[in-house]
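So the chains spell out like this:
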Amino acid sequence: GIILNDDFNILKSIPSIFEKDYCTVVYLGNEVIGLECEDTSEKLYGIALDIGTTTVVASLIDINKQCEIDCESDINPQKEYGLDVLSRIHYSKSNKEGLENLNRSIIDCINNLILELCKNNKINKDEIYEVAIAANTTMMHTLLKVSPNSIGKSPYSPVFTSGKSIKALDLGIEISMFGRVYL
């Protein structure tokens, strides 16, 4: 695939585009964000993810058919750092690598669930273009590696409360190079 806002990679990839019979244009809304050098339109998947304090559940969605294909779950690995959100906030605040550990553990869990869903359903993770995540405020903060410390003390104010659309690559979530994560 080619990310279109990267001029150097476009230049290097042009010869391979012309060698193929088909190209698939990848859109984000009305914006063209990439090209794939084959017809990938039939392989369009997403992940619906619920990050709970104790359990993480991932559902594989066939976007073309608009249906759930499979589901996997795992214990939230952040439990190693505290059984509840206040314990995890305290861990993040009182340990130099606390926030990094919380973030890395949940990203690794998400990637493992995606890998398991792909393996079980014989699809490639590059065919997953969207991940929609629901979680409580503390889980969202640690997922984005944003300090949750302000949530754990009066007036209990989060750093952000609105929805987010982030490149999966920026979060370390291993799906299509064009993939987006919606919070």
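Residues numbered from 1 in each chain as written. Predicted model: local features only at pLDDT ≥ 70, side-chain atom pairs only at ≥ 80, totals over all residues. Heavy atoms only, no water.

If you trace the backbone, Asp62 turns up in strand S5 (residues 55-62). Lys65 is the oppositely charged side chain nearest to the buried, salt-bridge-free Asp62, at an N-O distance of 4.3 Å. One polar contact links the side chain of Asp62 to the main-chain amide nitrogen of Lys65, over a distance of 2.9 Å. Ignoring any residue separated from it by four or fewer positions in sequence, one finds Asp62 in contact with Leu44, Tyr45, Cys67 and Ile69. (Helix = DSSP H or I, 4+ residues; strand = E, 2+ residues; numbered from the N terminus. Buried < 20%, exposed > 50% of the residue type's maximum accessible area, 1.4 Å probe, protein only. Lys, Arg positive; Asp, Glu negative; His and termini not counted. Salt bridge = Lys/Arg side-chain N within 4 Å of Asp/Glu carboxyl O. Polar contact = N/O pair within 3.5 Å; in protein donor to acceptor, adjacent residues only side chain to side chain. Contact = heavy atoms within 4.5 Å.)

Here we come to the pattern of salt bridges. Considering all chains together, one arrives at five salt bridges under this definition. Notably, a salt bridge pairs Lys43 with Glu127, separated by 4.0 Å at the nearest N-O pair. Here Lys43 is found in the loop between strand S3 (31-36) and strand S4 (45-51), whereas its partner Glu127 is found in the loop between helix H3 (98-121) and strand S7 (128-135), with 84 residues between them in sequence. Under the relative-accessibility criterion, Glu127 is labelled buried at 16%.

Let's shift gears to the environment of Ser162. Looking at the element boundaries, Ser162 is found in the loop between helix H4 (137-143) and strand S8 (165-167). Taking the relative accessible area as the measure of exposure, Ser162 reaches 43% and is therefore partly exposed. Sequence-wise, Ser162 and Leu183 are 21 residues apart; in three dimensions their C-alpha atoms are separated by 8.4 Å.

All right, on to helix H2 (residues 85-94) then. Those residues of H2 that sit buried are Arg88, Ile89, Tyr91 and Ser92. Burial along H2 is one-sided: seen end-on, the buried residues are contained in an arc of 160°. Away from its buried face by more than 90 degrees, H2 exposes Leu86 and Lys93. Next to the buried residues of H2 lie H3 and H4. (Arc of directions from axis to C-beta.)

Two elements in contact, H2 and H3, have axes separated by 6 Å at closest approach and are oriented at 130°. Between H2 and H3, the interaxial angle falls into the category oblique. Along the contact surface, H2 presents Arg88, Tyr91 and Ser92, while H3 presents Gly98, Leu99, Asn101 and Leu102. Of the residues assigned to the contact of H2 with H3, the class counts are three nonpolar, three polar and one charged. (Axes fitted to C-alpha atoms, helices over the stretch in contact; angles between N-to-C directions. Parallel < 35°, antiparallel > 145°, perpendicular 65-115°, else oblique. Nonpolar A, V, L, I, M, F, W, Y, C, P; charged D, E, K, R; others polar.)

Bridge analysis of strand S2 (residues 24-28) against S3 gives five bridges, and the strand direction is antiparallel. Each bridged residue has a counterpart across the sheet, and for Tyr27 the counterpart in S3 is Val32. Hairpin connection, S2 to S3: the antiparallel pair is bridged by two residues, and Gly29 has positive phi, about 65°. (Pairing = 2+ DSSP bridges.)

Now for the environment of Arg88. On the secondary structure map, Arg88 appears in helix H2. As for Arg88 and Pro148, which are separated by 60 residues in sequence, their C-alpha atoms are 8.8 Å apart. For Arg88, the contacting residues outside a window of four places in its chain are Thr53, Asn76, Gln78, Lys79, Tyr81, Gly82, Leu83, Leu102 and Met139.

A word on the sheet that holds strand S6 (residues 67-75). An order of S6-S5-S4-S7-S9-S8 is seen for the six strands of this open sheet, with the pairing classed as mixed. Every other strand in the sheet has two partners, leaving S6 and S8 as the edge strands with one partner each. On average, each strand axis in the sheet is inclined to that of its neighbour by 20°, with strand direction left out of account. Sheet topology note: the S8/strand S9 (residues 180-182) ladder contains three bridges and is antiparallel. Paired with Ser165 across the two strands is Tyr182, which belongs to S9. Set on the sheet, H3 makes contact with S4, S5, S6 and S7; between it and S6 the angle comes to about 135°.

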